[in-house]
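# Observations on the model geometry
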Amino acid sequence: AGLMLMKLEPQKTIARSTSALSNVLEGLDFVCRTRPIRAVLLLVGLVSLFGMSYSVLMPIFADRILQGGPRGLGILMGSTGLGALTGSFFLASRSGTRGLGKMIASACTGFASGLLLFSVSRHFWLSALFLVPVGFSLMVLMACANTLIQLMVPDSLRGRVMATHVWVFMGMGPFGSLLAGSIAAHLGVSATILMGGLFC
């Protein structure tokens, strides 16, 4: 519905004589040369690699550490969802794009702090409470990073740069989950989430 409400001028298609590979490399070159975009993508990648894996470890944390079982797992994941929903309302209430860089930094700090507090908590409802800012901060971080990148990229490169953003965000997650599982097998779930929060 949002897309259909947009009134845009027709865009002329520019014929390209270069190969698909050279087009991709052009987009990557732009990302590497543009310091703010490179910094945001690096931050998103690191958060995805070291922070997002907490959700993969959540069933073990809910069952073995908090003794919550399946119902407890549902409440913990629901707390994260409540935070994310609150974050989306917060973003929808804003107008303009000023201060997005500071918001990204604050959201990353909030996400990391929430993870750190969650990792050391042994009280179920307190743990659920700590997951609300985790969900809130993650939503704000990813939405602001997405918006900021799109604002800084010229039209001709936007698709390729956003593809890099998706690759960094979605592509690092599975590697982070594999890493977190390996660490948790040796050091435990709490220590793994704690380390993820410290990295973030």
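Figured I'd write up the structure that's included with this text. Numbers given for residues are sequential positions, taken from 1 along each chain in its written order. This being a predicted model, a pLDDT of at least 70 is required before a residue's local features are given, and a value of 80 or more before pairs of side-chain atoms are given or counted; all residues contribute to the totals for chains, interfaces and linings. Calculated side-chain values reflect all of the structure's heavy atoms, with hydrogen atoms and water omitted.

So, on to the overall build of the protein. Numbering goes from the N terminus for both helices and strands, where a helix is a DSSP run of H or I of at least four residues and a strand is a run of E of at least two. A count of helical and extended segments in the protein gives nine helices and zero strands. Along the chain direction, N to C, the helices and strands of the protein fall in the order α-α-α-α-α-α-α-α-α. Here the C-alpha coordinates of the protein stretch approximately 60 × 35 × 30 Å along the principal axes. The buried label applies to any residue whose accessible area, calculated with a 1.4 Å probe on protein chains only, is under 20% of its type's maximum; exposed applies above 50%, and partly exposed to all values in between. In the protein, which comprises 200 residues, the proportion classed as buried is 38%. In the protein, 78% of the contacts between residues at least 6 apart in sequence involve partners at least 24 apart. The accessible surface values rely on the Shrake-Rupley method and a 1.4 Å probe; as for residues, cover is taken only from the protein chains in view. Summed over its atoms, the accessible surface of the protein is roughly 11700 Å², and 69% of this surface lies on carbon and sulfur atoms. Side chains of the protein carry 14 positive and 5 negative charges; the gap between the two charge centres is 9 Å. Any two residues whose heavy atoms approach within 4.5 Å at even a single point are treated as in contact. Residues counted as positive are Lys and Arg, residues counted as negative are Asp and Glu, and His and the chain ends are not counted. Charge placement uses NZ in Lys and CZ in Arg. For Asp and Glu, CG and CD serve respectively.

Think of a salt bridge as a Lys or Arg side-chain nitrogen and an Asp or Glu carboxyl oxygen that are within 4 Å of each other. In the structure shown here, the tally under the stated rule is three salt bridges. Measuring nitrogen to oxygen at the nearest pair gives 2.9 Å for the salt bridge that ties R160 to E26. Residue R160 is located in helix α8 (residues 155-187), and its partner E26 is located in helix α2 (residues 20-33); the two are separated by 134 residues in the primary sequence. Looking at E26, the relative accessible area reads 37%, which means it is partly exposed. The residue D29 makes a salt bridge to R33 at a minimum N-O spacing of 2.7 Å. Here D29 and its partner R33 are both found in helix α2, four residues apart, which amounts to about one turn of the helix. Assessed through its relative accessible area of 38%, D29 is described here as partly exposed. Judged by its relative accessible area of 57%, R33 is exposed.

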